[in-house]
Structure formats: C-alpha cells, structure tokens
Amino acid sequence: MSQYKEIANYLVSAEEERREVPKVTVSLKPDLSVEEAYLVQQEIVNRKLSEGRRIVGPKMGLTSFAKMKQMGIEEPIYGYVFDYMLIENGGKVRLSDVIHPKVEAEVAFVMGEDLEGPGITGAQVLAKTEYVLPALEIIDSRYENFQFTLPDVIADNASTSRVVFGTSLKKPEQFELDLIGATLSINGEIKELGAGAAVLGHPAHSVAMLANMLARKGDKVKKGDVILTGGITAAVKLNFGDIVTGKFDGFGEVSFTVT
Ligand code: 0L1
Ligand code: MG
C-alpha cells in the first residue's frame, strides 16, 4: 500500500471513530508537502467513492485574507463535500457523530455549466452559475486541538465534516454577493458577522480560483456541483444544545440544532 493511502486510512479512521489524532507531520510523514497532501486527499476521495459515497461538490477553505496571513499562505485550499455530510435546513447535528466541530457562514454556488481552468475569472463563474444559496459549514479537523500545518489540513480534506444548505435558491445577478451581510448566531446571540467580500473580495473569485487550482490535476468544476466558497464569518465552536442560525441579508436563513 502506498504511504499516501496509509495516511488517508489513518485520517478516515479518525473521522469514522470520532477521535482526534496527532498531525500527520508529527511522525507519520514530517516532510509532507502541499502536493503530496493533495495526493493523500485524493486517496480519501477515492476511498469514499469506492464505498458508494457521492461528491456534492468541491469546497474552498482558508479564503479570508486574515486566515491566509495567519497560515502564511498565498492561495486558499480545497476539499470535497460528500452526500453523507448533508444536514437538512432546520435539522440536527449530533455531537456524537463528530469530534470538536465549529461552524461558519458561507455562500454556495450551484453550477449550470462546467468551468475548466486555467484562466477562469469571477465574471465567467457568474455567467455559468445556475443559483447561489446561503449555507452553514460545520468543520471538524481530525487533528488534536484543531491544530495543523497547511499540508496537514489539506490531507484532512480541509476539515470538511457537515453542511447545512439554505432552501432559498437565488439567481446570482439578483445580488452583489460581495456586499451581502451575514450574522452567525448561537442561541439568539450574534457570535460573528461579516460580508461576502471576506471571501477573496467576492465569493465568485473563490469559485474561479477553485477551477484554476483543479486544472492543475486535470480536473474541473462540473455542471451540478454545489460549491462552498469559504467562510464569510470566523468559525465558532459548537456545544451541546446550541441552536445555530445564519442570517444572510435578503438572501435567506439557515439553521440547525446541536444534539
Ligand atoms: O472550510 C474551511 O475554511 C476550513 C478550512 C480548513 C481550516 C480549518 O479547519 O479551520
Ligand atoms: Mg468553510
């Protein structure tokens, strides 16, 4: 078995057994590079597909300039959302299904056509988008204390765990997505807020960058993909009993309860 597959199995076991594990770079592979980390991530994707899971869409992470500066990186990262990660709007996230979850508010895109990089622009993304919708992403690093290096978090499928999509589908031309304000409340108290511009200046730039990054491995954004573009707000830790609500100005509301 390749070392990438071994690391992928290590991370999938942590996810399935709901336990945090030491970072890959602590001892399994201290010299793991970003390129190798994406090969590990691909092994995770292959394993889930072979188990009958379906990809909902790729997602972007670390898209705020603040997070990129904090991690010392110049471009965001991507991972994949699978069907088993979906929670219905108004539904429940069970703490026993996850490790140490956090939530962030995001804008999602539903693609009406394929987007093949390199050279894709935000304007091209908007022209090929069928709908946009609000979402809450639950991230859940498999690593101890939610701490990692850049290769670690890429290998760990960008901490992807659960997603609640809103039920209001909007046409992208109805909105200036960079100006949409969002609040993230827990038990009625606003914990974080932000605007669409927190995502690389405009959420469409995030999808463009995703298409351009996927092109490096000969892949593309596909018609029908539902894409999380990155956090408008910082991520907030979840606790038992939390009622979580994301309100997006004129765009919709998304909520779930932690049980
Ligand atoms: O979706 C995200 O922005 C998460 C990317 C990975 C970083 C993290 O877990 O905070
Ligand atoms: Mg996210």
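Everything quoted here is computed from the prediction, not taken from an experiment.

Thresholds, definitions, all that
- Residues numbered from 1 in each chain as written.
- Chains lettered and ligands numbered in written order.
- Predicted model: local features only at pLDDT ≥ 70, side-chain atom pairs only at ≥ 80, totals over all residues.
- pLDDT = per-residue confidence, 0-100.
- Core = buried A, V, L, I, M, F, W, Y, C linked by C-beta atoms within 7 Å.
- Buried ≥ 20, exposed ≤ 12 C-beta atoms within 10 Å, placed from the backbone.
- Helix = DSSP H or I, 4+ residues; strand = E, 2+ residues; numbered from the N terminus.
- Contact = placed C-beta atoms within 7 Å.
- Pairing = 2+ DSSP bridges.
- Near = placed C-beta within 6 Å.
- Nonpolar A, V, L, I, M, F, W, Y, C, P; charged D, E, K, R; others polar.

K.L.:
Could you give me a rundown of the confidence of the model for the chain, with the residues and numbers involved?
P.N.:
Looking at the chain, pLDDT values average 97 and 100% of them are 70 or higher. Under the prediction, the complex receives an ipTM of 0.95, its pTM being 0.97.

K.L.:
Provide a residue-level description of the nonpolar core, including the pertinent values.
P.N.:
In globular proteins that are soluble, nonpolar side chains generally tend to be buried together. Core analysis: the biggest nonpolar cluster contains 68 residues, and A108, A135, L136, V207, L210 and I227 have the highest contact counts within it. Looking at this core element by element, the count peaks at 7 residues for helix α6 (residues 203-214). Leave out the neighbours within four places in its chain, and I227 touches G57, P58, K59, A108, F109, M111, V207, L210 and V221.

K.L.:
Can you break down the sheet that holds strand β9 (residues 189-195) residue by residue, with the values?
P.N.:
Strand order in the open sheet formed by 5 strands is β4-β13-β12-β8-β9, and the pairing between neighbours is mixed. Looking at the sheet topology across the chains shown, the edges are occupied by β4 (92-93) and β9. Pairing of strand β12 (residues 243-248) with strand β13 (residues 252-258) involves 6 bridges; the strand directions are antiparallel. Considered in β13, the bridge of V244 is made with F256.

K.L.:
Before we move on, could you go through the environment of R94 and cite the residues and values that matter?
P.N.:
Note that R94 resides in the loop between β4 and β5 (102-111). Overall, the presence of 12 C-beta atoms within 10 Å leaves R94 in the exposed class. With 164 residues separating them along the chain, R94 and V258 place their C-alpha atoms 5.8 Å apart.

K.L.:
Help me get a handle on the site of ligand 1, residues and values and all.
P.N.:
Close contacts around ligand 1 come from G61, L62, E137, I139, S141, V153, A158, S159, G230, G231 and A235, and that covers them all. Of all the secondary-structure elements, those providing two or more residues to the shell around ligand 1 are β6 (129-139) and β10 (226-231). Taken together, the residues of the shell around ligand 1 sort by class into 5 nonpolar, 5 polar and 1 charged.

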